[in-house]
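Now for the letters of each chain:
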Amino acid sequence: MTQKRNELPSAPKQGETFQWEHYFTRRQFLKGSAAVTATALAAGGLKTGMKMGKSAYAADELNGGDTIDISTICENCVWRCGAIAKVKDGVLVKLEGNPEHPNSRGKLCPRGNAGVKVLYDPDRLQFPMIRAGERGSGLWRRVSWDEALQFTADNMKRIKDNYGPEAMIMSSTHNLTQPYFENLLKAFGTPNYGTQRSLCFNAMTIAFTYTYGLAQPGVDYDNCKYVIYTGRNLAEAISNSETQQMMDFAAKGGKILVLDPRYTITASKAIEWLPIKPGTDLAFFLALNHVVVTEGLYDKEFVDKYCVGFDKLEESLKTYSPEWAAQRCEIDADIIRKIAREFASQRPAAVAHPNWRTSNFTNSFQTQRSIAILNALMGNWGASGGLVAGGEEGGAALGSLSQPPYPKTTAPRLDGVPWKYPLVPLKYGVIQEIRDSLLTGKPYQGKGWLVYRQNPLMSIPERRKTMTALKNLDFLAVIDILPNDTAYYADVILPESTYLERWDPIAPAGNKLFLRQPVVEPLYETKGGLMILKELGDRLGLGDYFPYKEEQDIIKAQIEPFQIDFDELVDKGYVELESEEHHEIEFQTKSGKIELNSSLLESVGEPGVPEWQEPPAPPQGKFYLLTGKVAQHSQFTTQNNEWLMELMPDNPVWINTQVAKKLGIKNGQKVIIESSVGQVIDEALVTEAIRPDCVFIAAGFGHLSKAMKVGYNIGVSNSALHETHTDSLSGCQALTETFVTVRPLSGEDLAGGGTA
Amino acid sequence: MTKHYGFVMLVYRCIDCKACQVACWAENEVPLGKSRNWITKDGYKGTFPNLNVDYLPGNCMHCANAPCVSVCPTGASYKREDGLVLVNNKKCIGCKYCMVACPYNARFFHPEEKVADKCTMCSHRLAKGLEPACVATCIGGARVFGDLNDSKSKVSQLLRKHKHKVLLPQQGTKPSIYYILDKPTEGGILA
């Protein structure tokens, strides 16, 4: 059984200075830990006044009784699966999928199952600390919450007084507490908001928003006949319920076409896999649209009624014949034509999937626009087997606490939105531009950065640049659960409670409202994010924007419009609302229709319909560097999880068998991978499952923080290799526009080399 | 009629995510570095771009003719009436004969308990009417559990509908774990 851990005697005392990599308890302690029984630890008793879920209280009162179930929401990725925590004597023993939750359907993926090891990771941040030596020296001083928060607030105020609020950057990744994180930054008065979106799905969400007025539609798999995935690898980049639906769809013989330069597990389940040349998906979809329009295979009635700009589309598509596309994407014209006809014959139960991380090429936005348009031509919106309104934008209108209006910000944003990127929504941003602005001092110099649940050092391309940018800051504060790479360079670290120890605002899922609640008492001196933000806000004189005493006040305000009993919600973990009436089809675009020709694009002088944009290709001797997810890891957050690292312990570089032979590279051999911005040493995985002009490195590995004892220096980081290329329309980072050389590691390299 | 519990592995449905392994680790407090179940990657067949690959979920085969049981000198390894092969920790002396005898490498030596350890088909969950943990969390729907003696069970229906195989039939172990290798285009709906 995983034991509940209290602080070890070796932990530094308050005020004590210590070395980063020595602070964290020795890992041997956990190995073979069954000897430390739950009962023995639970005997230590509860601290009084802990804010816990009702059921969690009950669990502790039982003390030696049965395992009890507490409903909560997983956070080992962004999918928000309903989970049931099995808690015995105040110790979490297991997490299972909640059958009532539409995102988990009673199951959890490997990461969800491994949440136990997030909670009981011995390397977790345990108490607030302030840097005690040079930045990056690894010297820290343990401090009280009061000192850490006051130190953070004082520095933020100092920056505001000296340079204006805009000199403070605040960044955070997609999560349930985001509204209050936004409160902090907007009330503080800075426009500089960083998210992960430009490194992830800006191209998709912006393309669909400008076409449909909705960022991320779903798929009616139950009635669908044909799905095209463009690099979307649902079998490995698991979105729990959708992965289940895809496999049900596949298992009944549903037609799946996968476009991917790699033979992914999704490709292995598909009826057809086309290893398309990277960056040329746009040509493929322009040609599909060409066939569908020129052969009259589209839904004329739907287009007439719900779309605008068909004439312009028809005109522009004329040149994009399958023969034209074949020369670019290395797929036979006959195959393209056949696919277009087969696909259209199944309409409206034919879906070109919107995909997910579409930060591949500077033309990815146009690819996504073409995909959005193909769906419109199929007339599949809201149709049986077609696209459905979905995503997080829908759901019940929750109540909220009242707060004052935000102060006006006048300063331009460091990331160029909207002055350089007029089409990128303010909420999305272009985070790689924030990093660059710190190096150039343009349009002005950012001085401070508050990083919340993010690891920019690992996620933004050109790690070396990001490191310089962070080192140059006057002030860097990190709120996280792990001593991650960015935290290593911080001035102050505020340790957050994990998702299994804290309350978060409600997450609607379909017509249900689900609650994330503590399943155990928070370990160590950690605090929930909502309380950290509030206490920081209070010290900044912004308390009116955090009008709650405890997290539950927010939840109570959210359910206020529905006459829901709070205690019942806590007990059950969710409540079901009456299903909403089916609405008429409506589109939140300027024209109120699906914009095949985009008025917004035209308004900034861009062509309103997608046009071919030639992607860069690697010169002789270089490869496209592909990256992507695996089922066992979530970005940069899971490489210290003992269970997940057991399943996927590193990230060797995939290289095609024939190419490896030519280069003299054997499976398992050490190779040097080099781009224009960095080099890494990795092991080769020689495989048939990748195009000869590509190599692939899974994301998330290559951590620099020695305090992450499991993940430190394991595998390699793509960010050390990635160059920065940004699409001027969507702000989307083009991750596949980095080209690399690969060669065997030689004795000479060993003499003078190292990793980037 | 007595029950005979077994698994049907729908190989096509396995996405090699290994949720089954993590669920088993948590459910059965399996020591770090050991595993009671696994997924075997069958290697890519063919050359780029004409490829095929299978992932084979596995665990103790709960053999009707279990070599681990016959070599056990103390009777610690035993076969239950419902088909489960189990280890009685109190009787196990840690001699590891069973580990050597098992052709599936399904057993490991528990470093703390000092006994042979393996899949119990989550007998403690079965007693509560629950499915084994690996089955309950299987994202792809590859692991199917049920009573092989019940003609109405899902496992029996699948075995009637599809061609099936067992691992290493030449060993004569008569496993209770069956594999269906059909693709949806060959044998119809895999559910």
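Residues numbered from 1 in each chain as written. Chains lettered and ligands numbered in written order. Predicted model: local features only at pLDDT ≥ 70, side-chain atom pairs only at ≥ 80, totals over all residues.

### Considerations on the overall build of chain B
When you go through chain B residue by residue, the secondary structure sums to 7 helices and 11 strands. In terms of C-alpha radius of gyration, chain B reaches 17 Å, essentially the compact-globule figure of 16 Å for 191 residues. Principal-axis analysis of the C-alpha atoms places the extent of chain B at approximately 50 × 45 × 35 Å. Per-residue burial for chain B yields a buried fraction of 44% across its 191 residues. Restricting the contact set of chain B to residue pairs at least 6 apart, pairs at least 24 apart contribute 58%. (Helix = DSSP H or I, 4+ residues; strand = E, 2+ residues; numbered from the N terminus. Rg over C-alpha atoms; globule rule 2.2 N^0.38 Å. Buried ≥ 20, exposed ≤ 12 C-beta atoms within 10 Å, placed from the backbone. Contact = placed C-beta atoms within 7 Å.)

### Considering the environment of Lys-34 of chain B
All names here are of chain B. Mapped onto the elements of the fold, Lys-34 is located in the loop between α1 (19-28) and β2 (37-41). Taking the number of C-beta atoms within 10 Å as the measure of exposure, Lys-34 has 15 and is therefore partly exposed. Separated by 74 residues in sequence, Lys-34 and Phe-108 place their C-alpha atoms 7.2 Å apart.

### Re the pairing of strand β11 (residues 255-259) of chain A
Residue and element names in this part refer to chain A. Most of β11 sits out of view: 4 of its 5 residues are buried. Examined bridge by bridge, strand β10 (residues 226-230) and β11 share 5 bridges and lie parallel to one another. Opposite Thr-230, over in β11, you have Leu-259 as the bridge partner. The parallel pair β10 and β11 is bridged by helix α9 (residues 240-251), and the resulting crossover is right-handed. (Pairing = 2+ DSSP bridges. Right-handed = clockwise from strand over helix to strand, strands pointing away.)

### Quick notes on the interface of chain B and chain A
Contacts between chain B and chain A engage 35 residues on the former and 39 residues on the latter. Only α1 and α7 (184-187) of chain B provide two or more residues apiece to the side of chain B that touches chain A. With 7 residues, the single largest contributor to the side of chain B that touches chain A is α1 of chain B.

### Some remarks on the sheet that holds strand β4 (residues 91-97) of chain A
All names here are of chain A. Strand order in this open sheet of 3 strands is β2-β3-β4, and the pairing throughout is antiparallel. The sheet is open, and its two edges are formed by β2 (68-73) and β4, each paired on a single side. Shown here is a sheet whose adjacent strand axes are inclined to one another by a mean of 30 degrees, direction ignored. In this sheet, β4 lies alongside strand β3 (residues 82-88) in antiparallel orientation, the contact comprising 6 bridges. In the sheet register, Ile-84 faces β4, and the bridge partner there is Glu-96. (Axes fitted to C-alpha atoms, helices over the stretch in contact; angles between N-to-C directions.)

### Considerations on the environment of Arg-125 of chain B
Residue and element names in this part refer to chain B. Its location among the elements puts Arg-125 in helix α4 (residues 123-126). Among the residues examined, Arg-125 registers 18 C-beta atoms within 10 Å and is labelled partly exposed. Residues Arg-125 and Gly-94, spaced 31 residues apart in sequence, show a C-alpha to C-alpha distance of 26 Å.

### Quick look at the sheet that holds strand β21 (residues 574-576) of chain A
Residues and elements named next belong to chain A. Spatially, the 3 strands line up as an open sheet ordered β19-β20-β21, and their pairing is antiparallel. Two strands close off the open sheet at either side, each with one partner strand: β19 (507-509) and β21. Mean inter-strand twist for the sheet, computed between neighbouring axes without regard to direction, equals 20 degrees. With 3 bridges joining them, β19 and strand β20 (residues 512-514) adopt antiparallel strand pairing. Following the sheet pairing, Ala-507 is matched in β20 by Phe-514.

### Structural notes on the packing of helix α11 (residues 281-294) of chain A against helix α16 (residues 364-377) of chain A
Residue and element names in this part refer to chain A. For the pair α11 and α16, the least separation of the axes is 9 Å and the interaxial angle reads 25 degrees. The angle between α11 and α16 falls in the class roughly parallel. The element α11 and its partner α16 pack so that their crossing is left-handed. Taken together, the residues of α16 that come into contact with α11 (itself represented by Asp-281, Leu-282, Phe-285, Leu-286, Leu-288, Asn-289, Val-292 and Val-293) are Gln-366, Thr-367, Ser-370, Ile-371, Ile-373, Leu-374 and Leu-377. Partitioning the contact of α11 with α16 into residue classes produces 10 nonpolar, 4 polar and 1 charged. (Parallel < 35°, antiparallel > 145°, perpendicular 65-115°, else oblique. Left-handed = near helix turned anticlockwise from the far one by under 90°. Nonpolar A, V, L, I, M, F, W, Y, C, P; charged D, E, K, R; others polar.)

### Observations regarding unusual backbone geometry
Residue and element names in this part refer to chain A. Here the bond from Val-417 into Pro-418 is cis, since omega is 0 degrees, no more than 30 degrees from zero. In this structure, Pro-443 follows Lys-442 across a cis peptide bond, with omega equal to 0 degrees. Within the element layout of this structure, Pro-443 appears in the loop between α17 (431-440) and β16 (448-452). In this model, Arg-105 sits at a positive phi of 50 degrees, which is unusual for a non-glycine residue. Examined against the element boundaries, Arg-105 turns out to sit in the loop between β4 and α4 (110-113).

### A short note on the nonpolar core
Of all hydrophobic cores here, the largest spans 286 residues; its most connected members are Phe-284, Leu-288, Val-653 and Val-695 of chain A together with Met-9 of chain B. Tallying contributions element by element places α11 of chain A first for this core, with 10 residues. With sequence-adjacent residues up to four places away left out, Phe-284 of chain A is seen in contact with Leu-259, Ile-276, Ala-325, Cys-329, Ile-331 and Ile-336 of chain A. (Core = buried A, V, L, I, M, F, W, Y, C linked by C-beta atoms within 7 Å.)

### Examining the domain arrangement of chain A
Residue and element names in this part refer to chain A. For chain A, the assigned domains are domain 1 (1-124 + 497-524 + 562-579), domain 2 (129-199 + 412-495), domain 3 (218-386) and domain 4 (623-752). Contact with domain 1, which involves 8 residues of that partner, is made by 5 residues of domain 3. For the side of domain 1 that touches domain 3, the class distribution of residues is 4 nonpolar, 2 polar and 2 charged. (Domains from an automatic or database assignment.)

### A short note on α11 of chain A
Residues and elements named next belong to chain A. The end-to-end C-alpha separation of α11 is 20 Å, in line with the 20 Å expected for 14 residues at 1.5 Å each. Of all 14 residues in α11, 13 are buried; the element is thus mostly enclosed. Following α11 by one or two positions, Gly-296 has its phi on the positive side, about 65 degrees. (Expected span 1.5 Å × (residues − 1).)

### Some words on the confidence of the model for chain A
Reading fine detail from the predicted coordinates is not recommended where pLDDT is low. Summarising the model, chain A shows a mean pLDDT of 91, and 91% of its residues fall at 70 or more. Low confidence marks residues 25-63 of chain A, where pLDDT is under 50. Its contacts with residues over four positions away, or in another chain, come to 68 contacts. (pLDDT = per-residue confidence, 0-100.)

### Here we look at the environment of Gln-517 of chain A
All names here are of chain A. Looking at where Gln-517 falls in the secondary structure, it is placed in the loop between β20 and α21 (529-539). A count of 28 C-beta atoms within 10 Å places Gln-517 in the buried class. For the pair Gln-517 and Leu-500, spaced 17 residues apart in the sequence, the C-alpha separation amounts to 7.0 Å.

### Overview of α9 of chain A
In this model α9 of chain A runs 16 Å from its N-terminal to its C-terminal C-alpha over 12 residues, within 8% of the 16 Å that 1.5 Å per residue would give. Counting buried residues along α9 of chain A, 11 of its 12 residues qualify, which places the element largely inside the surrounding structure. The set of residues buried in α9 of chain A consists of Asn-240, Ser-241, Glu-242, Thr-243, Gln-244, Gln-245, Met-246, Met-247, Phe-249, Ala-250 and Ala-251 of chain A. If you follow the buried residues of α9 of chain A, they end up packed against β11 and α10 (265-269) of chain A together with α7 of chain B. Gly-253 of chain A occupies a position one or two residues after α9 of chain A and carries a positive phi of about 90 degrees.

### Here's the deal with the packing of helix α14 (residues 322-329) of chain A against helix α15 (residues 333-345) of chain A
Residue and element names in this part refer to chain A. Between α14 and α15, the least distance of the axes is 8 Å, while the angle of their chain directions is 120 degrees. Our classification of the angle between α14 and α15 gives oblique. In the packing of α14 onto α15, the handedness of the crossing is right-handed. Residues Pro-322, Glu-323, Ala-325 and Ala-326 of α14 lie in contact with α15, whose contacting residues are Ala-333, Ile-336 and Arg-337. Here the contact of α14 with α15 is built from residues that sort into 5 nonpolar, no polar and 2 charged.

### Examining the pairing of strand β18 (residues 492-495) of chain A
Residue and element names in this part refer to chain A. Side chains of β18 alternate between two faces, with Val-492 and Leu-494 and Ile-493 and Pro-495 buried alike. The sheet contact formed by strand β5 (residues 129-131) and β18 spans 2 bridges and is antiparallel. Each residue of the ladder has a partner; that of Met-129, found in β18, is Ile-493. Two strands pair when backbone bridges link them, and strand β17 (residues 475-480) and β18 are joined in this way by 4 bridges, in the parallel orientation. Residue pairing in the sheet places Val-478 in a bridge with Ile-493 of β18.

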